[in-house]
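Read off the chains here:
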Amino acid sequence: MEVQTLTPHLGAKVQGIDLSKSLTDDQFSELKALIVRYGVLVFPGQKLSQDDHKRFAAMFGDLHVHPMHHTRPDIDPHILTVKTDKNSAYTAGNGWHTDVTCDERPPAFSALYMKEVPECGGGDTLFANMYLAYELLSDAMKDFLGGLTATHDGGLPYVGAYKSTPPEGGYPVSKHPVIAKHPESGKPVLYVNSGFTARIDGLNPLESRSILDMLYRFIESTPRLTARVVWEPGMLTLWDNRCTQHHAIWDYYPHSRYGERVSVVAEHRPEAFVSGG
Ligand code: SIN
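Residues numbered from 1 in each chain as written. Predicted model: local features only at pLDDT ≥ 70, side-chain atom pairs only at ≥ 80, totals over all residues. Heavy atoms only, no water.

1. Examining the pairing of strand S13 (residues 235–240)
We apply this condition: Only protein chains enter the calculation, and the probe is 1.4 Å; a residue is then buried if its accessible area is under 20% of its type maximum, exposed if over 50%, and partly exposed in between. Only DSSP runs of H or I with at least four residues qualify as helices, and only runs of E with at least two residues qualify as strands; both kinds are numbered from the N terminus onward. DSSP-based pairing: two strands are paired if at least 2 bridges between them are found.
Burial runs high along S13: 6 of the 6 residues are buried. Taking every second residue as pointing to the same face, both faces of S13 are buried, with Met235, Thr237 and Trp239 on one and Leu236, Leu238 and Asp240 on the other. Bridge count between strand S3 (residues 40–43) and S13: 4 bridges; the pairing is antiparallel. Paired with Val42 across the bridge in S13 is Thr237.

So, in structure tokens, the structure goes:
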């Protein structure tokens with residue numbers, strides 16, 4: 001495998017591996033080490049059937065079923081289509097977020113396979129490094145946020161932005177630590193995102209809104225946190241949701257973009273980072 005970093009701290013392009021074939025244990029261990037190290041891996045030039053895509057993702061964990069799939073019993077529950085064209089009211093993921101953090105055990109990894117890119121160019125995806133986001137906070141802010149939890153609510157994007165009909169009982173709502181410990185690296189990450197985080201628990205509404213807005217503004221206004229994936233048809237990008245956020249840029253209206261995403265569920269729910277622990 002040839003590995004070329006996208007930025008010094010986030011993302012790598014991996015060539016010389018055919019993901020349509022079953023991977024050997026050594027290949028898988030190498031890829032696992034790479035994704036934990038770089039957070040985002042880009043594999044250009046792949047030719048994958050839906051079964052290949054799911055087999056590859058399943059090496060990283062149990063396949064995730066997206067909460068919005070309750071309305072679509074007619075489709076494969078493990079494949080989330082990411083489709084935008086001139087009739088789309090929104091583009092999924094067109095804002096900084098981490099996938100499905102409303103779930104009690106959110107996806108650890110997502111693998112998006114791009115089949116069609118806009119003919120006018122654009123449609124890139126930005127990723128941001130949440131280890132670095134944590135590191136760049138002041139010590140006082142790290143101390144303040146450490147030990148807090150936040151509520152992540154699926155209703156925010158799925159009803160609020162996408163206007164979908166919730167299942168009986170509503171979309172999932174979960175509490176997660178604001179500063180989480182990455183289960184594999186053991187390092188702290190900032191774990192709130194503008195897609196799903198509704199409030200920081202224990203603060204009054206104005207305090208919670210102000211702190212969340214400050215953190216989101218910090219992510220949006222700090223380009224050094226990011227790496228940019230410029231898609232080609234046949235490219236698969238694998239990302240670690242436990243230490244990254246991403247933003248799909250909708251800059252190509254009225255053109256079309258089409259991909260399919262398979263995600264895998266984290267083994268455990270996110271754990272708080274305890275400084276010195
Ligand atoms: C997503 O998984 O949020 C979609 C990402 C993309 O379309 O680039």
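2. Details of the environment of Met235
Quick note on the threshold: Contacts: residue pairs with any heavy atoms within 4.5 Å of one another.
Relative to the helices and strands, Met235 resides in strand S13. Looking at Met235, the relative accessible area reads 3%, which means it is buried. Setting aside its immediate chain neighbours within four residues, Met235 contacts Val42, Phe43, Pro44, Gly45, Leu112, Tyr113, Met114, Val229 and Val230.

3. A word on the sheet that holds strand S10 (residues 188–190)
Across the sheet, which stays open at both edges, the 3 strands sit in the order S10-S9-S16 with antiparallel pairing between neighbours. Of all strands in the sheet, those bounded by a partner on one side alone are S10 and strand S16 (271–272). In the sheet, strand S9 (residues 179–181) pairs with S10 via 3 bridges, with the strands oriented antiparallel. Looking at S10, one finds that Ala180 is bridged to Val189.

4. Some points on the packing of aromatic side chains
For the record, the criterion: Side-chain rings of Phe, Tyr and Trp (the six-membered ring for Trp) are treated as a pair once their centres are within 6.5 Å; stacked means planes under 30 degrees apart, edge-to-face means over 60, and tilted covers the remaining angles. For a ring to carry a charge above it, either NZ of a lysine or CZ of an arginine must fall within 6 Å of the ring centroid while also lying within 35 degrees of the normal to the ring plane.
Across all of its chains, the model carries 9 aromatic pairs by this definition. Where Tyr158 meets Phe196, the ring centres are 5.6 Å apart and the plane angle is 70°; that geometry is what we call edge-to-face. Here the residue Tyr158 occupies a position in helix H5 (residues 155–161), and Phe196 occupies one in the loop between S10 and strand S11 (197–200), the gap between them amounting to 38 residues. Accessibility expressed as a relative area gives 2% for Tyr158, which makes it buried. Exposure remark for Phe196: the relative accessible area of 4% places this residue in the buried category. The structure contains a cluster of three or more aromatic residues connected by ring pairs, namely Phe28, Phe43, Phe56, Phe60 and Phe109. Positioned above the aromatic ring of Tyr134 is the side chain of Lys142, whose terminal nitrogen or guanidinium carbon lies 5.1 Å from the ring centre. The ring centre of Tyr131 lies 4.4 Å from the NZ or CZ of Lys187, which sits over that ring.

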